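# Working through the structure, step by step
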Amino acid sequence: MVDRKDVGSWLQGPGSRAPEAAEYAGQRLGLPREGAGSIGRVGRRLLGVLVDWTLCTFIAFGLFHVPLPFTATAGSGAWITLVIFGVENLLLVGTLGYTIGHRMVGLRVRSINGRTPSPVQTVVRTVLLCLFLPAMFWDRDGRGLHDKAAGTVIVRL
């Protein structure tokens, strides 16, 4: 829910909506502070997405001859790579709860209730993730807007 503090917090700087000193990311969700089941940190999530995008880039290159990044014709097949990335997320997060990149860095996506995300949650999360911008903004629990909208959270294995 948006309150007055959300709207006016930009005047007080980025730390105004940060967790209290005794509060940690995921506490409001009932998650542990550290270890298995705790919130996946930004560095791990970013590395996981980078691994997934790299794999999807090579798949697009191998199957559809999409030029690799940093070549003269790079960018001409970016939509194909994005579609492959979306399909990977739909299939793997929807069935296993993690993508290849998530698994490599020790993360998984789960529903707020602790289960593997439902098909609807997976579709909402994937569509918003592919739009990129919602994933760039997160709350004080470390959940991106795509995860908030889908009712999911990324936790450590």
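Anyway, here's the lowdown on the structure attached to this text. (Residues numbered from 1 in each chain as written. Predicted model: local features only at pLDDT ≥ 70, side-chain atom pairs only at ≥ 80, totals over all residues. Heavy atoms only, no water.)

## As for the pattern of salt bridges
Enumeration over the complete set of coordinates arrives at four salt bridges. A salt bridge links Arg140 to Glu23; the nearest nitrogen and oxygen atoms lie 3.6 Å apart. A residue pair is termed long-range when its members are at least 10 positions apart, and Arg140 in the loop between α5 (119–130) and α6 (145–150) and Glu23 in the loop between α1 (4–8) and α2 (42–64) qualify at 117 residues. Glu23 gets classed as buried once you look at its relative accessible area, which sits at 17%. Between Asp139 and Lys148 there is a salt bridge, and its shortest N-O distance comes to 3.4 Å. Among the residues examined, Asp139 registers a relative accessible area of 17% and is labelled buried. (Salt bridge = Lys/Arg side-chain N within 4 Å of Asp/Glu carboxyl O. Helix = DSSP H or I, 4+ residues; strand = E, 2+ residues; numbered from the N terminus. Buried < 20%, exposed > 50% of the residue type's maximum accessible area, 1.4 Å probe, protein only.)

## A look at α5
Helix length check: α5 (12 residues) gives 16 Å between terminal C-alpha atoms against 16 Å at 1.5 Å per residue, within 8%. Within the sequence span of α5, burial applies to Gln121, Thr122, Arg125, Thr126 and Leu129. Here the buried residues of α5 occupy an arc of 125 degrees about the axis, which is enough to place them on one side. Of the residues in α5, the exposed ones pointing more than 90 degrees away from the buried face are Pro119 and Val120. Just downstream of α5, Phe132 is the residue with a positive phi angle, here 70 degrees. (Expected span 1.5 Å × (residues − 1). Arc of directions from axis to C-beta.)

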